[in-house]
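Next come the chains, spelled out residue by residue.
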2 protein chains.
Amino acid sequence: MPKAANTGKKAAKPAKQTTAKATADFTPEAGRRVTSYDVARYAGVSQSAVSRCFKEGGSVSPKTRDKIMKAVRKLGYQPNAIARGLITRRSNMVAVIIANLRFYPETLAYLTSGLNASGNHVLLFSLDHESEVDRIIDQIWQYGVDGVIAGAHLSKKQIELFDQRKIPLVFINRLYRDIAANSVCCDQVEGERILVDRLVAAGHRSFAVVTGPSDSVVSQQRISGAVERLADLGINDVRVIEGEYDYDSGRRALRELADGAGGLPQAVVCANDMMAIGCMDEARHQLGLRVPEDLSVVGFDGVMQAAWSSYDLVTVRQPMQNMVEAAVSMLLSRIERPDLAPEKRMFSGEIVEGCSARLGTSR
Amino acid sequence: MPKAANTGKKAAKPAKQTTAKATADFTPEAGRRVTSYDVARYAGVSQSAVSRCFKEGGSVSPKTRDKIMKAVRKLGYQPNAIARGLITRRSNMVAVIIANLRFYPETLAYLTSGLNASGNHVLLFSLDHESEVDRIIDQIWQYGVDGVIAGAHLSKKQIELFDQRKIPLVFINRLYRDIAANSVCCDQVEGERILVDRLVAAGHRSFAVVTGPSDSVVSQQRISGAVERLADLGINDVRVIEGEYDYDSGRRALRELADGAGGLPQAVVCANDMMAIGCMDEARHQLGLRVPEDLSVVGFDGVMQAAWSSYDLVTVRQPMQNMVEAAVSMLLSRIERPDLAPEKRMFSGEIVEGCSARLGTSR
DNA sequence: TTGTAGGCGTTATCAA
DNA sequence: TTGATAACGCCTACAA
């Protein structure tokens, strides 16, 4: 009988027989999870030995390790990550807050694989509207995540909360001008300016813009980028229609434009691709217009649907995979070294020269 | 000075002054999380009193509760869900395993909101291919989730593992004929049979099917549903092309059909909408065909893009929101009552009568 | 109603 | 290299 048999807190019931490896004696009660104590008892070592076996560079003799690992396999032991996290203060969980989940599914796919690759797990919080953040911020805190990646807008106060609690936070595509927050962005303004330049270079003179929801900061940046550049170029008569980021609101926006005083503009600049696609469908199939001959439509994002040949949308493709990788790596390094200074990384978007708009050469 | 001040494990450092509420004495060291001990010290009560305050129906006098809650707010205390889970054996986390995340984003959106509504959280595991399950199954186990929702295929052995460990598991859209596993499905076979019936009723006689990846069970069910019904109706000459569920493979499939011996069939049945959309674009924009006049195309799923007026796809809409709600409720009841018998729930899909195929009236 | 004390399953420390 | 033993932060009898 292993000498450390009664190391466990619950004293093992007296062995019925002295046969070594009488497994019945070591099998934990049904339904209970196998713990390191069970393994220790089975292998005839102390619980700490078992623990060390699962630690990088833990000092165990080959012989002991062998005995233990045999018991581990036999009993199907897996260390309890929750208990481990309690003492190491590392849960290996990262909270992902993401708004508009249904529009940007690949973002999340890249995030999970990027985080999984480094042994981290994703605790997902999705928002239908960017305003529900407060509700979930406490939850995040309660679960003791190691870090947070946010694809949603947080208030200054909320950001400071994470800062105080020393939980690293990295934003994707949310840029805070005067707050020292980590972020990885696509340059929304630059992208829109180039789009507008090229539309104007092609001769467009009357414009409309379709915004996202009013609480979307990304939409605000994109739209103001476009509008300000248009103003620079002497075009001030720009109709603004508010959308909801989705296909239907794109259609609705175009209908509104068509019905409104002044009629349709020559070009419609949409805050995202989904709405641009809606505009195109409304123009072509409802109003019988040709795109781009009668109307130019541009979007932003570079979602996969934009490349479908029914649309072939002119848009700005955000290098989302690069951005996500950058965000993950920023977060991981800040989990390792909490003293790293806040950093903002900005990627340029790539103009996708589709056929949904007439484009000139800028300059 | 509160009398229970040294209830905490680390004895409070001797107070510098006797002033009541000299907050300095109760403030935890910087960077450390506020614990229930900190609150207890600050409020001058025992730690268990604090704990009871956060428990439904915990007995605390109004006066004490008031004192405690004041301290809670002051110190910004939040119970540590990890530590709580260790003892209650309830993490309030549900693992979500989902394949093909980028094709079915709304599934996940519904899932998170459904689970959040009941105070549960989503630990997300995404798969690019259904074959990577083994890798993550241990992880799930380590995190002690209360249950699992799977939108991916698991082997019989893997399912039994969850059963042994008494972790409730509910599948979405994966049906296991001879295994007692919980599942919520859309009837893939029924949907395909009706589609095929109506295509045949409209006079189509030559068919091709485009499958999903070979490891996708859903694809197998859909395709065999269609092929078997065609055989029943006396149509045995059906070309089968393997796709990858995405747009490009749909285009590729149609090109293959067009290039292959025998030329194009009259109707193409695709295992999902994305590929059907690819087929339509290839037919119209590459081959100059009219859909549905020259070629009928049908899909399956009812994704939002299928309804876009450029496609107006004939498809089977899965009542995904209902399905997800059913899955969540099945899971939650099994977390409460682990003895509930395994159950399979099957929803009918709804034929969406778009314009991408000529349809007859069945029977 | 309140406080004491023990335990959840791990890791960390330290003496042997 | 090993094994006691003390945390980690919380919940829960049980006793007061």
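Our subject is the structure that appears above.
### Some details on the overall build of chain A
Thought 1: A tally of helices and strands in chain A yields 12 helices and 12 strands.
Thought 2: Since a compact globule built from 363 residues should have a radius of gyration of about 21 Å, the 29 Å found for chain A marks it as more spread out than a globular shape.
Thought 3: The principal-axis extent of the C-alpha atoms belonging to chain A is close to 95 × 40 × 35 Å.
Thought 4: Across the 363 residues in chain A, those meeting the buried criterion constitute 53%.
Thought 5: Of the roughly 16,200 Å² that chain A leaves accessible, carbon and sulfur atoms contribute 49%.

### Looking at the interface of chain A and chain B
How large an interface is tends to be reported as the accessible area lost when its parts come together.
Thought 1: Listed as interface residues are 46 residues of chain A and, on the opposing side, 46 residues of chain B.
Thought 2: Surface buried jointly by chain A and chain B totals about 4,700 Å² across both partners, of which 60% is contributed by carbon and sulfur atoms.
Thought 3: Among the residues of chain A in contact with chain B, Ile82, Tyr143 and Trp308 of chain A are the three that bury the most area, contributing 16% of the side total.
Thought 4: At the boundary of chain A with chain B, the tally comes to 0 salt bridges.
Thought 5: Applying the counting rule to chain A against chain B returns 28 residue pairs in polar contact (both at pLDDT 80 or more).
Thought 6: Counting residues per element, the ones that place at least two in the side of chain A that touches chain B are helix H4 (81-88), helix H5 (105-117), strand S2 (121-127), helix H6 (133-142), helix H10 (247-259) and helix H11 (273-286) of chain A.
Thought 7: Considering each element in turn, the side of chain A that touches chain B owes the most residues, 6 residues, to S2 of chain A.
Thought 8: A per-class count over the side of chain A that touches chain B returns 22 nonpolar, 16 polar and 8 charged.

### Some points on the packing of aromatic side chains
Residues and elements named next belong to chain A.
Thought 1: Evaluation of the coordinates by the stated rule reveals 10 aromatic pairs over all chains.
Thought 2: Their ring planes at 75° and their centres at 5.4 Å tell us that Phe54 and Tyr77 sit as a pair that is edge-to-face. Here Phe54, found in the loop between helix H2 (47-53) and helix H3 (62-75), pairs with Tyr77, found in the loop between H3 and H4; they are 23 residues apart in sequence, far enough to count as distant.
Thought 3: Seen in terms of ring centroids, Phe171 and Tyr176 are 4.7 Å apart; in terms of plane orientation they differ by 55°. Their pairing is tilted.
Thought 4: The buried category is assigned to Phe171, whose relative accessible area is 0%.

### Focus: the nonpolar core
Thought 1: In terms of nonpolar packing, the biggest core is built from 95 residues, with Phe207 and Val297 of chain A together with Phe207 of chain B touching the most fellow members.
Thought 2: Contacts of Val297 of chain A, omitting those with residues within four sequence positions, involve Val268, Cys270, Ala276, Cys279, Met280, Val291, Leu313, Val314, Ser356 and Ala357 of chain A.
Thought 3: Ala81, Phe162 and Ile167 of chain A together with Tyr176 of chain B belong to the second largest nonpolar core, which has 56 residues in total.

### Points about the sheet that holds strand S9 (residues 296-298) of chain A
Residue and element names in this part refer to chain A.
Thought 1: Pairing in this open sheet of 4 strands is parallel, and the strands run S7-S6-S8-S9 from one edge to the other. Unpaired on one side and paired on the other, strand S7 (238-242) and S9 mark the two borders of the sheet. Each neighbouring strand pair of the sheet contributes to a mean axis angle of 20°, computed without reference to strand direction.
Thought 2: As defined by bridge partners, strand S6 (residues 207-211) adjoins strand S8 (residues 267-270) across 4 bridges and the pair is classed as parallel. Bridged to Phe207 within S8 is Ala267.
Thought 3: Most of the contacts of helix H9 (residues 217-232) go to S6, to which it runs at about 170°, and overall it touches S6, S7 and S8.

Calculation criteria
- Residues numbered from 1 in each chain as written.
- Chains lettered and ligands numbered in written order.
- Predicted model: local features only at pLDDT ≥ 70, side-chain atom pairs only at ≥ 80, totals over all residues.
- Heavy atoms only, no water.
- Helix = DSSP H or I, 4+ residues; strand = E, 2+ residues; numbered from the N terminus.
- Rg over C-alpha atoms; globule rule 2.2 N^0.38 Å.
- Buried < 20%, exposed > 50% of the residue type's maximum accessible area, 1.4 Å probe, protein only.
- Areas by Shrake-Rupley, 256 points an atom, 1.4 Å probe, with all protein chains shown as cover.
- Contact = heavy atoms within 4.5 Å.
- Buried area = accessible area lost by both parts, 1.4 Å probe.
- Salt bridge = Lys/Arg side-chain N within 4 Å of Asp/Glu carboxyl O.
- Polar contact = N/O pair within 3.5 Å; in protein donor to acceptor, adjacent residues only side chain to side chain.
- Nonpolar A, V, L, I, M, F, W, Y, C, P; charged D, E, K, R; others polar.
- Phe/Tyr/Trp six-rings, centres within 6.5 Å; stacked < 30°, edge-to-face > 60°.
- Core = buried A, V, L, I, M, F, W, Y, C linked by side-chain atoms within 4.5 Å.
- Pairing = 2+ DSSP bridges.
- Axes fitted to C-alpha atoms, helices over the stretch in contact; angles between N-to-C directions.

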